[in-house]
Amino acid sequence: MTSAGFPTAAPTLVVGGGLVLRPWLGTDVEAVCEACQDPEIQRWTPAPTPYTRADAERVVGRSIASWDAGRGGYLALVDSVEDRASGWFGIVDLDADARSAELGYWLAAPLRGRGIASRALDTLVEYSFEVGGLDSVYLRIDPANEPSAALARRSGFIRTASRVVGARSPEPLDTYTRLAED
């Protein structure tokens, strides 16, 4: 069995409904900074509080470097006409030898509750299996974050662990896993 990996160029993936996941650009920094002022994003993600422009610049820069290394990375969810970043979806941590990756996401408040996060997550999962060669992907979700847990279930993830503390976050999180279909 060979290890998994991603191309060194971030893709553009069609989500549908006029939305795409595309590589982050330096011009997205303001939109990221603005979206991450949302208390819900700060509550449920490891985003720093307060969230500054320098934090947004680091996220955008880290994504570019991660793709360049073939480890996947983050993608901006944008309207294909206005091209304004309104969500973040990506490969948070790749274990190439285990052919598995943690995925993560956030969505700006105006787009929530419309099925957009489900479509974008499903698009990223499909890409991870087909192009990245992964056998499984997983999400780490705060047990109190029922909207994200419901999204995981709608997208075919099953809770496989409860209240696990990980290296990236000291809070106990539930793990939801989705396996590649044979």
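Use the structure listed above.
Quick caveat: nothing in here was measured; it's all calculated off a predicted structure. (Residues numbered from 1 in each chain as written. Predicted model: local features only at pLDDT ≥ 70, side-chain atom pairs only at ≥ 80, totals over all residues. Heavy atoms only, no water.)

Caption draft 1: The arrangement of the overall build of the chain in detail. Helix and strand content of the chain: 5 helices and 8 strands. Reading the helices (α) and strands (β) of the chain from amino to carboxyl end gives β-β-α-α-α-β-β-β-α-β-α-β-β. Over its C-alpha atoms the chain spans a radius of gyration of 15 Å, differing by no more than 12% from the 16 Å that the globule rule assigns to 182 residues. The principal-axis extents of the C-alpha atoms in the chain amount to approximately 40 × 35 × 30 Å. Counting the 182 residues in the chain, one finds 50% classified as buried. (Helix = DSSP H or I, 4+ residues; strand = E, 2+ residues; numbered from the N terminus. Rg over C-alpha atoms; globule rule 2.2 N^0.38 Å. Buried < 20%, exposed > 50% of the residue type's maximum accessible area, 1.4 Å probe, protein only.)

Caption draft 2: Quick look at the nonpolar core. In terms of nonpolar packing, the biggest core is built from 35 residues, with L21, L77, F89, L121 and L139 touching the most fellow members. For this core, the secondary-structure elements that each account for two or more residues are β1 (13-16), β2 (19-23), β3 (74-79), β4 (85-95), β5 (100-107), α4 (116-130), β6 (136-141) and α5 (146-154). It is α4 that contributes the most residues to this core, 8 residues altogether. In terms of nonpolar packing, the next biggest core, distinct from the first, is built from 21 residues, V32, I41, V78 and A108 among them. (Core = buried A, V, L, I, M, F, W, Y, C linked by side-chain atoms within 4.5 Å.)

Caption draft 3: Representation of the sheet that holds β4 within the structure. Taken in spatial order, the 8 strands make up an open sheet running β1-β2-β3-β4-β5-β6-β8-β7, and their pairing is mixed. Because the sheet does not close on itself, it has two edges, and the strands there are β1 and β7 (158-164). Each neighbouring strand pair of the sheet contributes to a mean axis angle of 25°, computed without reference to strand direction. Against the sheet, helix α3 (residues 53-68) touches β3 and β4, its axis set at about 115° to β3. (Pairing = 2+ DSSP bridges. Axes fitted to C-alpha atoms, helices over the stretch in contact; angles between N-to-C directions. Contact = heavy atoms within 4.5 Å.)

Caption draft 4: Representation of the state of the cysteines. The final tally for this structure, using the stated rule, is 0 disulfides. In this structure C36 is not part of a disulfide, and its nearest cysteine sulfur, from C33, lies 7.7 Å away. (Disulfide = S-S within 2.5 Å.)

Caption draft 5: Geometry of the pattern of salt bridges. Under the defined criterion, the tally for this structure stands at 11 salt bridges. E34 is paired through a salt bridge with R84; the nearest N and O atoms lie 2.9 Å apart. With a gap of 50 residues between them, E34 in helix α1 (residues 29-35) and R84 in the loop between β3 and β4 connect regions that are remote in the sequence. What makes E34 exposed here is its relative accessible area of 54%. Residue class for R84 comes out partly exposed when judged on its relative accessible area of 40%. In this structure, the salt-bridge partner of D55 is R58, at a minimum N-O distance of 2.3 Å. With D55 and R58 both in helix α3, this residue pair falls 3 residues apart, about one helical turn. On the basis of relative accessible area, D55 is assigned to the buried category, the value being 10%. (Salt bridge = Lys/Arg side-chain N within 4 Å of Asp/Glu carboxyl O.)

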